[in-house]
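These are the residues of each chain, in order.
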Amino acid sequence: MVLNNAVWRTIKEQKGQYVGLILIIILACFGFVSFGMLGTNLQTVCDAYAKQTVQEDLQFETMQSLGDLRAIGDAVHATIEESRSYDEVFEGRTLRVFSENHSVNRPALLEGTPLSDGHILIDPQYAKSNTLRIGDPLTVAGKHFEIAGFVALADYTYITKNASDLINDSKSFGVAVITRNDFSANVQADSIRYVVKFLDGSKDVFTQGALLKKYLREHRIGIDYANWSYALNNARINTPVLKTKSVKAFSAVMPIMLLLASCVMIGLIVRRLIKTQAGQIGTLYALGYRKSELIRHYLRYPLVISVVGAVVGTILGIWVYPTLLIYYLAYFPMPIESATLVPGIIAWGLILPFMLLIPFSFFVIWNILKSSPISLMRGEMSVRKPSWLERSLKLGKVSFSLKFMLREQLRSLPQLFFLMVAIAFVTVFLNVGMIIKHSFDALASEGIKSTFDYQYEYLFKQPIQSPVPSGTEPLDVVFVQSDQNKQQQIELIGIQERSSFIHLLDGEGNPLDVDHQDAVILSKSLVKSLHADVGSFITFTETNVTDKSFTLKVTAITTSPTGAQVFVPLATLNQIVGLPFGSYAVLISNYGNVPVSKDQRYTMRSLHESSGNMQNMLQQVMAAVYVMMFVSILIALVLIYVIASITVQENQAQISLMKVFGYRMHEIKSMILNPSGVGVVLGYMLGIPVTLYVTQGVYQQIMDSMNLTMSIQVNGWYFLVGFVLVYGTFECSKLMCISRISRVSMSETLMVGRE
Amino acid sequence: MFIQVDRATKRYKSGDVETIGIQQATLELAKGDIGVILGPSGSGKSTLLNMIGGIDRVDSGKIIINGINICAMHEKELTEYRRKQVGFIFQAYHLISHLTVQENIEMISQISENPLPMDHVLSAVGLTDKANRFPRELSGGEQQRVAIARSVIKNPQVLLCDEITGALDYASSIQVLEMIQEINRTYGTTVLLITHNQAIAAMANNVYQFRSGEVTEVRTNSQPVDARGIVW
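Residues numbered from 1 in each chain as written. Chains lettered and ligands numbered in written order. Predicted model: local features only at pLDDT ≥ 70, side-chain atom pairs only at ≥ 80, totals over all residues. Heavy atoms only, no water.

1. Regarding the overall build of chain A
So the rule is basically this: Runs of H or I in DSSP of at least four residues are treated as helices and runs of E of at least two as strands, each being numbered from the N terminus. The buried label goes to any residue with under 20% of its type's maximum accessible area, the exposed label to any with over 50%, and the partly exposed label to all in between, with areas taken from a 1.4 Å probe on protein chains only. Whether two residues are in contact is decided by their heavy atoms: any pair within 4.5 Å suffices. Each accessible area is a Shrake-Rupley estimate made with a 1.4 Å probe; only the visible protein chains count as cover when residues are assessed. As used throughout, the charge tally considers Lys and Arg to be positive and Asp and Glu to be negative, leaving His and the chain termini uncounted. By convention, the charge on Lys lies at NZ, on Arg at CZ, on Asp at CG and on Glu at CD.
A count of helical and extended segments in chain A gives 22 helices and 22 strands. With respect to the principal axes defined by its C-alpha atoms, chain A has extents near 105 × 60 × 45 Å. Out of the 755 residues in chain A, the part that is buried amounts to 53%. The contacts of chain A with a sequence gap of at least 6 include a subset with a gap of at least 24, amounting to 82%. By element, 60% of the accessible surface of chain A is carried by carbon and sulfur atoms, the whole surface being about 33,500 Å². In chain A, 62 side chains carry a positive charge and 57 a negative one; their mean positions are 17 Å apart.

This is how it looks when you write it as structure tokens:
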């Protein structure tokens, strides 16, 4: 069809708009393909890794060896392996060295040669942060080893020093593995751990875990076991899995939203195009062109945009995702042979723009072409009836410029609505990262610090009854499950009355204390997951040793940023778990040199170190936040520019007329382009509550995954900066449109409508 | 002379094809007079009007308005010239559809230095009771009256009218022409009106016949007739 020659000419003429739209579709397809393939590859890597290493289902520690592991394993249908570890501490760094496992949590070699006596394998993050290379010497427990390669450990996929740490500083902590021979010959183990892989796929791991515990108790084997931890609750194991889920969710939601925005814009552009060509279309109709032929012609515009956007975006996605995969795997060391292309995702990346854009455009075109040839030729489509809103608006006293702007907006309410939604979307994308970052900042610098107001925790191997050293406070923690939510691990913490180090507050900011023996203070995060409130009775089961069940009545709720924790008096806790009066397993203090027996002490933990790790994490978060901000500004620029250029095109006649009447350029610019500012401002305002809602949801999810409670902390300055950025983008897009306004001819437009 | 066009020439080029807009066109019109340019379609009448109005430029020749050569003006000066001295009325009205009658007129009054009172202008064009209507809600004649009011409110020194009766029936055309004459008489506005309707020439002081871009004949009416006396 000769008519189709016009497609390229029109696109060339209005290249700004079309390039903008193609850019949005490229972004959408790029996001869909790269993050989709990243998610799928991460999933494959995680699954293959779990299989290859025989990743544990459960681990626990004991003071003594369990003895015949094969017999225990046979009895409970599990493979059980002993794993010993030792912390090599030097110059403020800790390298946790493990004995090599053969049945469960087998080390996965990432680079180098397999492990042999006299050699050590270390994790690549620690190696990189401390500039250690393969072949370098390394001393552990006074013996010299040679680094044979880099390793991934299945129970340290996410490498943190303490199980409850949010993030690790690879400079100061890493893991390594040596042979069992080297370990037993040279190293005195700090702890004995047992890692368990259950073999009965028909039962869940919690049931099988309970059977194992029952078996051990009945046979009185290693009754002092501790830190009973399921892989599903173990952040060192499940963090990559959770990240994979969030990557997959992101790869689906974000591109679809961008494609939907593109749909609306394509609709606006095609609609405007058909309106301006209505006379020609009417003539073609009258000369015998079929509606289907005209529809096919106008569908070429979204088709061209979809083809270019989908192909370029998909190619970019395919090109970039291996880099993203390597970036992710740098944080979760796991072996990967090669990044795998996922044909399904590539196909969807190519098809998705067509699936959304073509039907939407078809609907718009079909709807317009319903008009008769005569009405098309008369241009009746462009002469629309004023709406009741336009009629009822009385603007007697206000200035003409304001009247004009208001009328402009009322005339194109769908366009205004779209701009508002687009800006609201950009506002969310722009601010959500900043607010979460600020909330984390507040959580790290004020929230946790003001609640847990101490620097050091001294953890004992067993509860002790020794006198409490001065400058310290005793506490004890037992892990429990509730009947309401068996998957959630809850800490039941026994604390001292009128504690100087733990300050809990209620919703009104009043201090809470465990000042009577029945006091039970529930953290806010548990209110939701346990469906509990003040006065509720909750039945807990101690999961570590006894599996004993008991019921507590909630006397208060704390909104302080704590984890999934229940606070009771230490004496009450001892009574519940059957420990002698005055027992404690932890000392908290602001002193780093409390005299405690090294035989009794299991470990010492510095909260300052955790806070430093949090700062490191925030720095990493900031990089992602800046990328998000850049992308959102880019999207805003394209969206506003496309809308502004459509506005200029739609108002060509008015611009021409204004020029003829002697309006100055800056007056025309302000009258034609400034009305969109209303949409930008309203969209931004609309975006603020949406941002808060979305951020609250995202933050809550993060808090839930970390078993913490704290509301988002909003800093008004971020919204102000965000507004300046968005409005600045609007001003930039106006500048980009100025040349379009200057190009509008006075005489040519005035010829329109002459007989 | 208030308007002097001296051997103005304009050519349009489209690829290799060159079209003549106007060729050595010359005319003069005194202040407060009405001039009518007659000619068939495509003879260059509108091109000349656009040049006098400062919305297009000549390739050669001069256009002097009130003693100032507008061909020497740069863009900003031309904008100021149109803003302060020129009123335009078009055949296609070119009203802004989403502005009311009053707002369409206000569009010009707000950029004028000494606009006429709105009530006065609305009353003069007989649209006081339709001030809050939208253009779509008016007849063709009424829309043209809005266009006239819009041009007149700034009290321009020169009023350029391009085929203003082309789309109107006889009765509406006479009404519109009466209005133009009334404005000319009341405010001393110099009016240049182009049409292909020979009958309208009777109301002019000067009549210029246009053909193929050239002024082929100039006539002077010593006794211009009243618009209401024009018949076709």
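2. Points about the sheet that holds strand β3 (residues 34–38) of chain B
Residues and elements named next belong to chain B. Basically, it comes down to this: The pairing criterion is simple: DSSP has to find at least two bridges between the two strands. Note on definitions: angles span 0 to 180 degrees between N-to-C directions of axes, and those axes are lines fitted to C-alpha atoms, for helices only across the stretch in contact.
With respect to topology, 6 strands assemble into an open sheet ordered β6-β7-β8-β3-β9-β10, the strand pairing being mixed. The sheet terminates laterally at β6 (86–90) and β10 (214–220), the two strands that pair on one side only. When strand polarity is set aside, the average angle formed by the axes of neighbouring strands in this sheet is 15 degrees. Judged from the 5 bridges that link them, strand β7 (residues 158–162) and strand β8 (residues 190–195) form a sheet pairing that is parallel. Considered in β8, the bridge of Leu159 is made with Val191. Of the strands in this sheet, β3, β6, β7 and β8 touch helix α6 (residues 170–187), which is tilted by about 155 degrees from β8.

3. Here's the deal with the interface of chain A and chain B
Selection criterion: Buried area: the sum, over both parts, of the accessible surface (1.4 Å probe) that disappears when the two are put together. The term salt bridge refers to a pairing of a side-chain nitrogen on Lys or Arg with a carboxyl oxygen on Asp or Glu at a separation within 4 Å. Polar contact is defined as a pair of N or O atoms within 3.5 Å, subject to the rule that within protein one atom must be able to donate a hydrogen and the other to accept it, and that residues adjacent in sequence are counted only when both atoms are side-chain atoms.
With 34 residues of chain A at the contact, the number on the chain B side is 32 residues. Taking both sides of the interface into account, the surface hidden between chain A and chain B amounts to around 3,100 Å²; carbon and sulfur atoms contribute 57%. At the surface where chain A touches chain B, the tally comes to 4 salt bridges. Glu80 of chain B is paired through a salt bridge with Arg664 of chain A; the nearest N and O atoms lie 2.5 Å apart. Counting the contacts that link chain A with chain B gives 10 residue pairs in polar contact (both at pLDDT 80 or more). At the level of elements, α12 (388–392), α13 (400–411), α18 (652–660), α19 (665–673) and α22 (746–751) of chain A are the ones that each hand at least two residues to the side of chain A that touches chain B. No other element matches α13 of chain A, which puts 7 residues into the side of chain A that touches chain B.

4. Quick word on helix α1 (residues 5–13) of chain A
Residue and element names in this part refer to chain A. So the rule is basically this: It is the directions from the helix axis to the C-beta atoms that the arc portrays.
Those residues of α1 not exposed but buried are Val7, Thr10 and Ile11. Projected down its long axis, α1 shows its buried positions confined to an angular sector of 100 degrees, all on one face. Pointing more than 90 degrees away from the buried face of α1 are the exposed residues Trp8, Arg9, Lys12 and Glu13. The secondary structure elements touched by the buried residues of α1 are α2 (15–53), α7 (235–276) and α9 (291–331).

5. Let's talk about the sheet that holds strand β5 (residues 68–69) of chain B
Spatial ordering of the open sheet is given by β2-β1-β4-β5 (chain B), a layout of 4 strands whose pairing is antiparallel. Strands at the two margins of the open sheet, each flanked by one partner only, are β2 (17–29) and β5 of chain B.

6. Re unusual backbone geometry
Comment: phi is negative for the bulk of residues other than glycine, and the bulk of peptide bonds are trans. Residue and element names in this part refer to chain A. Despite not being glycine, His77 has its phi angle at roughly 55 degrees, a positive value. According to the relative accessible area criterion, His77 is partly exposed, its value standing at 48%. For His531, which is not a glycine, the phi torsion comes out positive at approximately 50 degrees. Following the sequence through the fold, His531 ends up in the loop between α15 (524–529) and β17 (537–542). According to the relative accessible area criterion, His531 is exposed, its value standing at 69%.

7. What about the pairing of strand β20 (residues 565–569) of chain A?
Residues and elements named next belong to chain A. Along β20, 5 of the 5 residues are buried, which leaves the element largely enclosed by surrounding structure. Note: strand β13 (residues 490–495) against β20, 5 bridges, orientation parallel. Paired with Gly494 across the two strands is Val568, which belongs to β20. Relative to β20, strand β16 (residues 521–523) is paired through 2 bridges, and the arrangement is antiparallel. The partner of Leu522 across the bridge, within β20, is Val566.

8. Looking at α13 of chain A
Just so we agree on the cut-off: Expected helix span is taken as 1.5 Å per residue step, with the number of steps being one fewer than the number of residues.
The end-to-end C-alpha separation of α13 of chain A is 16 Å, in line with the 16 Å expected for 12 residues at 1.5 Å each. Taken together, the buried positions of α13 of chain A are occupied by Phe400, Lys403, Phe404, Met405, Arg407, Glu408, Gln409 and Leu410 of chain A.

9. Observations concerning the packing of α13 of chain A against helix α3 (residues 101–109) of chain B
Just so we agree on the cut-off: For classification purposes, an angle smaller than 35 degrees is called roughly parallel, one larger than 145 roughly antiparallel, one from 65 to 115 roughly perpendicular, and anything else oblique. By convention, the crossing between two helices is left-handed when the near helix turns anticlockwise from the far helix through less than a right angle, and right-handed when the turn is clockwise. For this classification, the nonpolar set comprises Ala, Val, Leu, Ile, Met, Phe, Trp, Tyr, Cys and Pro, the charged set comprises Asp, Glu, Lys and Arg, and every other residue, Gly included, is treated as polar.
The interhelical angle for the contact between α13 of chain A and α3 of chain B, taken along N-to-C directions, is 130 degrees, at an axis separation of 10 Å. Viewed along their axes, α13 of chain A and α3 of chain B adopt a mutual orientation that is oblique. Relative to α3 of chain B, the crossing made by α13 of chain A is left-handed. Only Glu103, Glu106 and Met107 of chain B of α3 of chain B make contact with α13 of chain A, whose side of the interface consists of Phe400, Lys403 and Arg407 of chain A. Here the residues of the contact of α13 of chain A with α3 of chain B are counted per class, giving 2 nonpolar, no polar and 4 charged.

10. Some points on the packing of aromatic side chains
Residues and elements named next belong to chain A. For clarity, the threshold we go by: Aromatic pairing here means that ring centres of Phe, Tyr or Trp (its six-membered ring) are within 6.5 Å. Orientation follows from the plane angle: under 30 degrees is stacked, over 60 is edge-to-face, and everything else is tilted. Whether a charge sits over a ring depends on NZ of Lys or CZ of Arg being within 6 Å of the ring centre and within 35 degrees of the ring normal.
Applying the stated criterion across every chain yields a total of 19 aromatic pairs over all chains. Between Phe98 and Tyr156, the aromatic rings sit 5.2 Å apart at their centres with planes inclined by 55 degrees, giving tilted as the arrangement. With Phe98 in strand β3 (residues 93–99) and Tyr156 in the loop between β7 (143–152) and β8 (173–178), the pair connects residues that are 58 residues apart, well separated along the chain. We classify Tyr156 as buried; its relative accessible area is 4%. Relative to Tyr454, the ring of Phe452 lies with its centre 6.5 Å away and its plane at 85 degrees, an arrangement referred to as edge-to-face. Cluster of aromatic residues (ring-pair linked, three or more members): Tyr684, Phe723, Tyr727 and Phe730. The positively charged end of Lys143 is found above the aromatic ring belonging to Phe145, 5.5 Å away from the centroid.

11. Considerations on a nonpolar patch on the surface
All names here are of chain A. The criterion, for reference: Residues enter patches when their relative accessible area tops 30% and they take part in no salt bridge; the joining distance is 9 Å for like charges and 5 Å for the nonpolar side chains Val, Leu, Ile, Met, Phe, Trp and Tyr.
A cluster of nonpolar side chains, contributed by Leu303, Val307, Val308, Val311, Val312, Ile315, Leu316, Trp319, Trp348, Leu350, Ile351 and Met355, occupies part of the molecular surface with about 1,000 Å² of accessible area. Every element with two or more residues in the nonpolar patch is listed here: α9 and α10 (343–368). If one sorts the elements of the nonpolar patch by residue count, α9 sits on top with 8 residues. Within the element layout of this structure, Val308 appears in helix α9. On the accessibility criterion, Val308 (31% relative accessible area) is partly exposed.

12. Quick notes on the confidence of the model for chain A
Convention followed: The score called pLDDT rates the predictor's confidence residue by residue, from a low of 0 to a high of 100.
Of the residues in chain A, 92% reach a pLDDT of 70 or more, and the chain-wide mean stands at 83. Taken element by element, the predicted model of chain A shows its lowest mean pLDDT in α22 of chain A (69) and its highest in strand β5 (residues 119–122) of chain A (95).

13. Section: the nonpolar core
Rules: What is meant by a nonpolar core is a set of buried Ala, Val, Leu, Ile, Met, Phe, Trp, Tyr and Cys residues, joined one to another through side-chain atoms within 4.5 Å.
In terms of nonpolar packing, the biggest core is built from 96 residues, with Phe661 and Tyr663 of chain A together with Ile3, Ile52, Ile180 and Leu193 of chain B touching the most fellow members. With 6 residues, the single largest contributor to this core is α6 of chain B. Those residues in contact with Ile52 of chain B that lie beyond four places of it in its chain are Ile3, Val5, Ile63, Ile65, Ile70, Tyr81, Leu160 and Leu192 of chain B. In this structure, Tyr18, Leu273, Leu357 and Met629 of chain A belong to the second largest nonpolar core, which totals 83 residues.

14. Overview of the pairing of β7 of chain A
Residues and elements named next belong to chain A. With 7 of 10 residues buried, β7 is to be regarded as a mostly interior element. In terms of strand pairing, strand β4 (residues 108–112) meets β7 through 4 bridges, oriented antiparallel. Across the sheet, residue Glu111 finds its bridge partner in β7, namely Phe150. One ladder, built from 4 bridges, connects β5 with β7; its direction is parallel. Bridging from a neighbouring strand, Ile120 pairs with Ile147 of β7. In terms of strand pairing, strand β6 (residues 137–140) meets β7 through 4 bridges, oriented antiparallel. Opposite Thr139, over in β7, you have His144 as the bridge partner. Between β6 and β7, which pair antiparallel and follow one another directly, the connecting turn spans 2 residues, one of which, Ala141, has a positive phi of 50 degrees.

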